[in-house]
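In case you want the letters, here they are:
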Amino acid sequence: KQEVTQIPAALSVPEGENLVLNCSFTDSAIYNLQWFRQDPGKGLTSLLLIQSSQREQTSGRLNASLDKSSGRSTLYIAASQPGDSATYLCAANNDYKLSFGAGTTVTVRA
Amino acid sequence: DGGITQSPKYLFRKEGQNVTLSCEQNLNHDAMYWYRQDPGQGLRLIYYSQIVNDFQKGDIAEGYSVSREKKESFPLTVTSAQKNPTAFYLCASSPRGQVDYGYTFGSGTRLTVV
């Protein structure tokens, strides 16, 4: 059974600092890995999708890397802004089912 | 705009009652999913359906039931057998068999037992 872990559970940084969010998974036979953002009381918004054959994916200030062999993905957010404050979830896709980590809650202080 | 609509946004259930959460999508996705989210925990899979008239249990199906009579709709019933139903419920969809497309999620239903 796939187990997904996200470290740290919470992170507080001053505005402008770069963010590094970690995700690890136990079963490397994934189809892809997806990063989501969740605001309090809201649904999930997809940020980046990395296919198993890819090493990284970029969108604006966001960059996600994937190392399948070591079971790790990292989400980088450059030049953080207060609007980046949210919970970030990673999910590994095995056999068309997503397994989620518990998330990293980010606070960006103005 | 295409997307997933969950209703209601908030739902209150009395002890012993069954309640049904609605999930509708207009993305033409074959696969649909129900997840439960509890504070401090990752999302856990309740049920999923890859095609119409077919569905499978996820990791925590006990006390829940679903139907998939139409491609667009995947309602979830929380039965009185579910002992701790207070949670945030999220519905998702994806194109079946296409791993280069990710999952799309609805805005969720918060269920509270009163």
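This text goes with the structure placed above it.
All residue numbers refer to positions counted from 1 along the written sequence of the respective chain. Lettering of chains starts at A and numbering of ligands starts at 1, both following the order in which they are written. Under the rules for a predicted model, residues below a pLDDT of 70 receive no local features and side-chain atom pairs below 80 are neither given nor counted, while totals for whole chains, interfaces and linings still include all residues. By convention in this description, side-chain values take in all heavy atoms of the structure and omit both hydrogens and water.

### Observations concerning the sheet that holds strand β8 (residues 76–78) of chain B
Residues and elements named next belong to chain B.
Here comes step 1: Here a strand pair is declared whenever DSSP counts at least two bridges between the two strands. Numbering of helices and strands runs from the N terminus; a helix is a DSSP stretch of H or I covering at least four residues, while a strand is a stretch of E covering at least two. In spatial order, the strands read β1-β3-β8-β7; together these four strands make up an open sheet with antiparallel pairing. Looking at the sheet topology across the chains shown, the edges are occupied by β1 (4–7) and β7 (64–66). In this sheet, neighbouring strand axes are inclined to one another by 20° on average, regardless of whether the strands run parallel or antiparallel.
Here comes step 2: With three bridges joining them, β7 and β8 adopt antiparallel strand pairing. Paired with Ser-65 across the strands is Thr-77, a residue of β8. Where helices are involved, their axes are fitted lines through C-alpha atoms of the stretch in contact, as for all axes, and angles between N-to-C directions lie from 0 to 180°.

### Details of the packing of aromatic side chains
All names here are of chain A.
Here comes step 1: Aromatic rings from Phe, Tyr and Trp, taking only the six-membered ring of Trp, are treated as a pair when their centres fall within 6.5 Å; an angle between ring planes under 30 degrees marks them as stacked, one over 60 as edge-to-face, and anything in between as tilted. If you walk through the whole model with that rule in mind, you get 10 aromatic pairs over all chains.
Here comes step 2: For the ring pair Phe-36 and Phe-100, a centre distance of 5.8 Å and an interplane angle of 35° mean the geometry is tilted. Residue Phe-36 is found in strand β4 (residues 32–38), and its partner Phe-100 is found in strand β10 (residues 97–100); the two are separated by 64 residues along the sequence. Of the two residues, Phe-36 and Phe-100, neither departs from the other in class, the shared state being buried. For the exposure calls, accessible area comes from a 1.4 Å probe over protein chains only, and a residue counts as buried if that area is under 20% of its type's maximum, exposed if over 50%, partly exposed in between.

### Description of unusual backbone geometry
Here comes step 1: Geometrically, the link from Ile-7 of chain A to Pro-8 of chain A is a cis peptide bond, its omega value of 0° lying close to zero.
Here comes step 2: Although it is not a glycine, Asn-28 of chain B sits at a positive phi angle of roughly 60°.
Here comes step 3: Take Asn-28 of chain B: it is sitting in the loop between β3 (19–25) and β4 (31–37).
Here comes step 4: Taking the relative accessible area as the measure of exposure, Asn-28 of chain B reaches 56% and is therefore exposed.

### Focus on the pairing of strand β11 (residues 109–113) of chain B
Residues and elements named next belong to chain B.
Here comes step 1: Pairing of strand β2 (residues 10–13) with β11 involves four bridges; the strand directions are parallel. For Arg-13, the partnering residue across the bridge sits in β11 and is Val-113.
Here comes step 2: Taken together, the three bridges between strand β9 (residues 87–94) and β11 define a ladder with antiparallel strand orientation. Bridge pairing links Ala-87 to Leu-111 in β11.

### Some details on the environment of Ile-60 of chain B
Residue and element names in this part refer to chain B.
Here comes step 1: Structurally, Ile-60 can be placed in the loop between β6 (54–57) and β7.
Here comes step 2: Each C-alpha atom of the pair Ile-60 and Arg-44 lies 7.1 Å from the other, and the pair is 16 residues apart in sequence.
Here comes step 3: In this analysis, two residues are considered to be in contact whenever any of their non-hydrogen atoms come within 4.5 Å of each other. Discounting chain neighbours no more than four positions away, the residues touching Ile-60 are Arg-36, Arg-44, Leu-45 and Ile-46.

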